[in-house]
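One-letter residues, chain by chain:
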Amino acid sequence: KQGLQVAIDGPASAGKSTVAKIVATRFHYIYCDTGAMYRAITWKVLQAGVALDDEAAVKQLLDSITIRFEPGEPVQKVFVDQTDVTLAIRQPDVTNSVSAVSALPAVRKELTARQRTIADAGKIVMDGRDIGSTVLPDAEVKIFLVASVDERAQRRLKDNAAKGITTPLATLKHEIEERDRKDSTRKVSPLTQAADAIRLDTTSMSIDQVADKIAEIIKEKE
Ligand code: C5P
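Predicted model only: the values in this text are computed from it and were never measured.

With respect to the helices and strands, Asn160 occurs in helix 8 (residues 149-163). Discounting residues that sit within four places of it in the chain, Asn160 has contacts with Ile165 and Leu172.

Here it is as structure tokens:
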């Protein structure tokens, strides 16, 4: 292993990907957005018209596709085979179906294996729900980001506006709560703080403050 593994977990819209990207750039680490991988298979499931709870069919679909990341600004690009799904996987239909697909044990097993391969060499910042607890239990740095649901809904509203998505604030709040509930109560690797993770409440912190704090923690370990 050439460098550290940094795991950043937390509930929906807590700012994980934004700070993970900043931190990865600062340290010249690879950034891997595992939520995008769950979103990518969910997009494929919706495209194919497969039922969200048909585990065998979903697994077969997952085995038939590649999920790739490519550098891009302002966001990393995501491809399912040759199709650029960067924007499609952030749309409300995928967002509201992803927790059902990500609860399927066969899907988690396969994506966990792909994520471990990506993280194997170290020098990686990986964000998600179960990175510190399940995917990379030996990660040297584990961060658990939280923020109030009101703050997270406000942040999502801003993000969405930039993408032309106009879901009202109250609906966003409800969707975030629902997604957290489903992600926290599923049987296999639910959203939970690893015992050795450092908890950061970002409700009244700026993005830069959060990134600086995580950078400090990484420097201590490097
Ligand atoms: O991080 P993001 O909100 O894009 O994640 C989308 C969904 O993917 C989550 O709500 C969760 O259902 C699933 N997910 C997961 N495990 C991860 C990352 C994401 O189950 N490590």
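One number sums up the size of the second largest pocket: a volume of about 280 Å³. Around the second largest pocket, the lining is made up of 14 residues, and of these Lys21, Thr25, Gly72, Glu73 and Gln76 lie nearest the centre. Broken down by secondary-structure element, the contributors of at least two residues to the lining of the second largest pocket are helix 1 (16-27), strand 2 (30-33) and strand 3 (67-70). Of the residues assigned to the lining of the second largest pocket, the class counts are eight nonpolar, three polar and three charged.

A few words on the environment of Ile118. Secondary-structure assignment places Ile118 in helix 6 (residues 105-119). Separated by 54 residues in the primary sequence, Ile118 and Ser64 have C-alpha atoms spaced 19 Å apart. Not counting chain neighbours up to four residues away, the residues in contact with Ile118 comprise Cys32, Met37, Ile124 and Met126.

Around the ligand lies a shell of 16 residues, among which Arg39, Ser102, Arg108, Asp130 and Asp183 are the nearest. At 3.0 Å, a side-chain N or O of Thr34 approaches a nitrogen atom of the ligand. The side chain of Arg186 places a nitrogen or oxygen atom 2.9 Å from an oxygen atom of the ligand. When isolated, the ligand has an accessible area of 460 Å², and the protein chains bury 96% of it. For the shell around the ligand, the elements supplying multiple residues, two or more each, are helix 2 (34-48), helix 5 (98-102) and helix 9 (169-185). By residue number, the principal contributor to the shell around the ligand is helix 2, which donates four residues. Residue composition of the shell around the ligand, by class: three nonpolar, five polar and eight charged.

A few words now on the UniProt feature "binding site: ATP" (unreviewed entry) in the chain. As recorded in UniProt, the feature "binding site: ATP" (unreviewed entry) lies at Gly10, Pro11, Ala12, Ser13, Ala14, Gly15, Lys16, Ser17 and Thr18. Mapped onto the elements of the fold, Lys16 is located in helix 1. Taking the relative accessible area as the measure of exposure, Lys16 reaches 7% and is therefore buried. With near-sequence residues (within four places) excluded, Lys16 lies in contact with Ile8, Asp9, Gly10, Pro11, Asp127, Gly128, Arg129 and Leu145. Mapping Ser17 onto the fold places it in helix 1. Exposure remark for Ser17: the relative accessible area of 27% places this residue in the partly exposed category. Look past the residues within four positions of Ser17 in its chain and what remains in contact with it is Tyr31 and Asp127.

Reading guide: rules and limits
- Residues numbered from 1 in each chain as written.
- Predicted model: local features only at pLDDT ≥ 70, side-chain atom pairs only at ≥ 80, totals over all residues.
- Heavy atoms only, no water.
- Helix = DSSP H or I, 4+ residues; strand = E, 2+ residues; numbered from the N terminus.
- Contact = heavy atoms within 4.5 Å.
- 1 Å grid on protein atoms, 1.4 Å probe; cavity = no way out; pocket = protein on both sides within 12 Å on 5 of 7 lines; lining within 4 Å.
- Points joined across faces, edges and corners; volume = space filled by probe spheres on them.
- Nonpolar A, V, L, I, M, F, W, Y, C, P; charged D, E, K, R; others polar.
- Near = heavy atom within 4 Å.
- Polar contact = N/O pair within 3.5 Å; in protein donor to acceptor, adjacent residues only side chain to side chain.
- Areas by Shrake-Rupley, 256 points an atom, 1.4 Å probe, with all protein chains shown as cover.
- UniProt positions renumbered as here; feature names shortened; annotations may be inferred.
- Buried < 20%, exposed > 50% of the residue type's maximum accessible area, 1.4 Å probe, protein only.

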